[in-house]
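# Notes for the structure review
Chain by chain, the residues:
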Amino acid sequence: MGHISLRGLGVAIVTPFLPNKEIDYEALCNLVEHIINGKADYIVVLGTTGETPTLSPEERKQVRDTVRNAVAGRVPLVLGIGGNCTWSLVNEIKETDLTGFSAILSVTPFYNKPSQEGLYQHFAAVANASPVPVVLYNVPGRTGTNISAATTLRLANEFDNIIAIKEASGNFKQIEEIINGKPERFQVISGDDALTYPLITLGAEGVISVVGNAYPQEFGDMVRLCLNGNFKEALPIHYSFTKLYDELFVDGNPAGVKALLHKMGMIHNELRLPLVATTIE
């Protein structure tokens, strides 16, 4: 299992839809080109931003294959694959063709609110089943469950193939604890565009971004400047995005970024229920 570094800008790609709500595969391929041309470091497929819960298993396979073929090995790919039934998830990981994917991103089980021990056992099972490295994904605002710093560090220390965490808890104390206590090889990645700048100052190694769909070059420049220690130069770019963050997330993700991409002429402004379209002035 080759070592994969997720340093820099990762983009959680949206799933464009046509007005009839079918997937717009042409727009998806164009978006891949836009993101790669913007010098993103890697792409995350079928994450939250991809409206994955609204895609059928067949559509998920189609999206996976379409992006993999469009990328053609030019940047690493990470596949979002999570669930709240450990047994089903383990089977899904074993049955999924992960050729061309460098890692999987697996969210904490949602809705059934496991204990920290339950979270540990869940990710232990995922790590044992996965043929590629695993990135933990903590987003308690969506899942109702927070993976504690202690549990994250326990998993990071015990499983060589658990290589990173996408932290979207917004809890700086918790994230600092992970950065301070982690093994050298384990990476902490911001799961929140707006917190990327401050988190890199604390030792995070980049971001899995929503805004990167629209502005991979500009947002990537900020991330790279921060990672090179040029925080003073990066700060104006951070502030230039501040107002946009508010607009992007006011009606939830990915409604905001889809409205922005529509405004840029890249996709139709279409989402699948229960999400609805918004507009950006």
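Predicted model, so just to flag it, every value in this text is computed and none were measured. (Residues numbered from 1 in each chain as written. Predicted model: local features only at pLDDT ≥ 70, side-chain atom pairs only at ≥ 80, totals over all residues. Heavy atoms only, no water.)

## Here we look at the packing of aromatic side chains
When we look at a pair of aromatic rings, we describe it by the centre distance and by the angle of the planes. This structure, assessed with the given rule, holds six aromatic pairs. When the ring of tyrosine 197 is compared with that of phenylalanine 231, the centres are 5.8 Å apart and the planes differ by 80°; the resulting orientation is edge-to-face. Of this pair, tyrosine 197 sits in helix α8 (residues 196-202) while phenylalanine 231 sits in helix α10 (residues 231-249), placing them 34 residues apart in sequence. We classify tyrosine 197 as buried; its relative accessible area is 12%. (Phe/Tyr/Trp six-rings, centres within 6.5 Å; stacked < 30°, edge-to-face > 60°. Helix = DSSP H or I, 4+ residues; strand = E, 2+ residues; numbered from the N terminus. Buried < 20%, exposed > 50% of the residue type's maximum accessible area, 1.4 Å probe, protein only.)

## Some words on the pairing of strand β4 (residues 103-107)
Here β4 lies mainly inside the structure; five of its five residues are buried. Taking every second residue as pointing to the same face, both faces of β4 are buried, with Ala103, Leu105 and Val107 on one and Ile104 and Ser106 on the other. Bridge analysis of strand β3 (residues 77-80) against β4 gives three bridges, and the strand direction is parallel. Of the residues in β4, the one forming a bridge with valine 78 is alanine 103. Pairing analysis gives four bridges linking β4 to strand β5 (residues 134-138), with the strands arranged parallel. Along β5, the bridge assignment pairs valine 107 with tyrosine 137. With helix α4 (residues 116-129) bridging β4 and the parallel β5, this β-α-β connection has right-handed handedness. (Pairing = 2+ DSSP bridges. Right-handed = clockwise from strand over helix to strand, strands pointing away.)

## With respect to helix α2 (residues 57-71)
Here α2 spans 21 Å end to end across 15 residues, near enough to the 21 Å set by a 1.5 Å rise per residue. If you check which residues of α2 are buried, you get Glu59, Val63, Arg64, Asp65, Thr66, Val67, Arg68, Ala70 and Val71. Turning to α2, the residues buried within the fold contact α1 (25-37), β2 (42-45) and β3. Note on α2: the residue one or two positions beyond its end, alanine 72, has a positive phi of about 50°. (Expected span 1.5 Å × (residues − 1). Contact = heavy atoms within 4.5 Å.)

## Comments concerning the packing of α1 against α2
How two helices pack is summed up by the angle between their axes together with the distance between the axes. Put simply, α1 and α2 touch, their axes get as near as 10 Å, and they point 40° apart. Viewed along their axes, α1 and α2 adopt a mutual orientation that is oblique. Like other packed secondary-structure pairs, α1 and α2 cross with a definite hand, here right-handed. Across from Tyr25, Leu28, Cys29, Val32, Glu33 and Ile36 in α1, the residues of α2 making contact are Glu59, Gln62, Val63, Thr66, Val67, Ala70 and Val71. The residue makeup of the contact of α1 with α2, split by class, is nine nonpolar, two polar and two charged. (Axes fitted to C-alpha atoms, helices over the stretch in contact; angles between N-to-C directions. Parallel < 35°, antiparallel > 145°, perpendicular 65-115°, else oblique. Left-handed = near helix turned anticlockwise from the far one by under 90°. Nonpolar A, V, L, I, M, F, W, Y, C, P; charged D, E, K, R; others polar.)

## Quick word on the pattern of salt bridges
Tallied over the full model, the rule gives 14 salt bridges. Two residues, arginine 68 and aspartate 97, come together in a salt bridge whose shortest N-O distance is 3.7 Å. Here arginine 68 is found in helix α2, whereas its partner aspartate 97 is found in the loop between α3 (86-95) and β4, with 29 residues between them in sequence. For arginine 68, a relative accessible area of 15% gives the class buried. Using a relative accessible area of 39% as the deciding quantity, one classes aspartate 97 as partly exposed. If you follow the salt bridges from partner to partner, you end up with Lys61, Asp65, Arg68 and Asp97 in one network. (Salt bridge = Lys/Arg side-chain N within 4 Å of Asp/Glu carboxyl O.)

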